[in-house]
Amino acid sequence: MIFSFSNTFEKEMNLEINQTDIFCFFNTENAISLSQEYWLNAIASSLKMKKNVLILESHFSILPPVDFTRRWHAGDEFLWLAPRSLSVLLEAHKAIPVTYEALKKLLISSK
């Protein structure tokens, strides 16, 4: 499924990945709109349902290069999370006020 945290339409996106929910900070025609204030709850829910999560900061017409063997992969304009990254996500939420940018920075500096 594709979820959007924005109302600003950009382009239609036809990315599909097995067992992966896609969240984006732009709106696409085929996305379900969510309020940006619920981004952490929405992502945690997908991870709890044992789905991978791909968070896109900008439009991609093809899948960004993701290393699916890792718990997370922070790349240019995207963040990919495996279900086993949920514990790190929840610990980060307890330690700091988690914004998407802060979470990505934390994951880049963590192993």
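This text follows the structure it describes.
A brief look at the structure comes next. (Residues numbered from 1 in each chain as written. Predicted model: local features only at pLDDT ≥ 70, side-chain atom pairs only at ≥ 80, totals over all residues. Heavy atoms only, no water.)

### A few points about the side chain of histidine 73
- Counting through the fold element by element, histidine 73 comes out in strand E5 (residues 72-75).
- Within the structure, histidine 73 has its side chain in polar contact with the backbone nitrogen of aspartate 67 (distance 2.8 Å).
- Excluding its chain neighbours within four sequence positions, the residues that come into contact with histidine 73 are Pro65, Val66, Asp67, Phe78, Leu79 and Trp80. (Helix = DSSP H or I, 4+ residues; strand = E, 2+ residues; numbered from the N terminus. Polar contact = N/O pair within 3.5 Å; in protein donor to acceptor, adjacent residues only side chain to side chain. Contact = heavy atoms within 4.5 Å.)

### Quick look at helix H1 (residues 39-48)
- Judged by how many residues are buried, H1 sits mostly within the fold: seven of ten residues are covered.
- Listed as buried for H1 are Trp39, Leu40, Ala42, Ile43, Ala44, Ser46 and Leu47.
- Lysine 50 sits one or two positions beyond H1 and adopts a positive phi of about 65°. (Buried < 20%, exposed > 50% of the residue type's maximum accessible area, 1.4 Å probe, protein only.)

### Quick look at the pattern of salt bridges
- Applying the stated criterion to the full structure yields two salt bridges.
- For aspartate 21, the salt bridge identified is with lysine 51, shortest N-O distance 3.7 Å. Of this pair, aspartate 21 sits in strand E2 (residues 20-24) while lysine 51 sits in the loop between H1 and strand E4 (52-56), and the two are 30 residues apart along the sequence. (Salt bridge = Lys/Arg side-chain N within 4 Å of Asp/Glu carboxyl O.)

### Comments concerning helix H3 (residues 100-109)
- Of all the positions in H3, only Tyr100, Leu103, Lys104 and Leu107 are classed as buried. Angularly, the buried residues of H3 cover 95° about the axis, an arc narrow enough to put them on a single face. Exposed side of H3, more than 90 degrees from the buried face: Glu101, Lys105 and Ser109 are the residues found there. (Arc of directions from axis to C-beta.)

### Observations regarding the sheet that holds E2
- One open sheet holds the six strands; their spatial order is E3-E1-E2-E4-E6-E5, and the pairing between them is mixed. Pairing within the sheet leaves two strands with one partner each, and these edge strands are strand E3 (32-33) and E5.
- Looking at chain direction, E4 and strand E6 (residues 78-81) are connected through four bridges and run antiparallel. Bridge pairing in E6 links leucine 56 to phenylalanine 78.
- Packing of H3 onto the sheet brings it into contact with E4, E5 and E6, and relative to E6 it is tilted by some 65°. (Pairing = 2+ DSSP bridges. Axes fitted to C-alpha atoms, helices over the stretch in contact; angles between N-to-C directions.)

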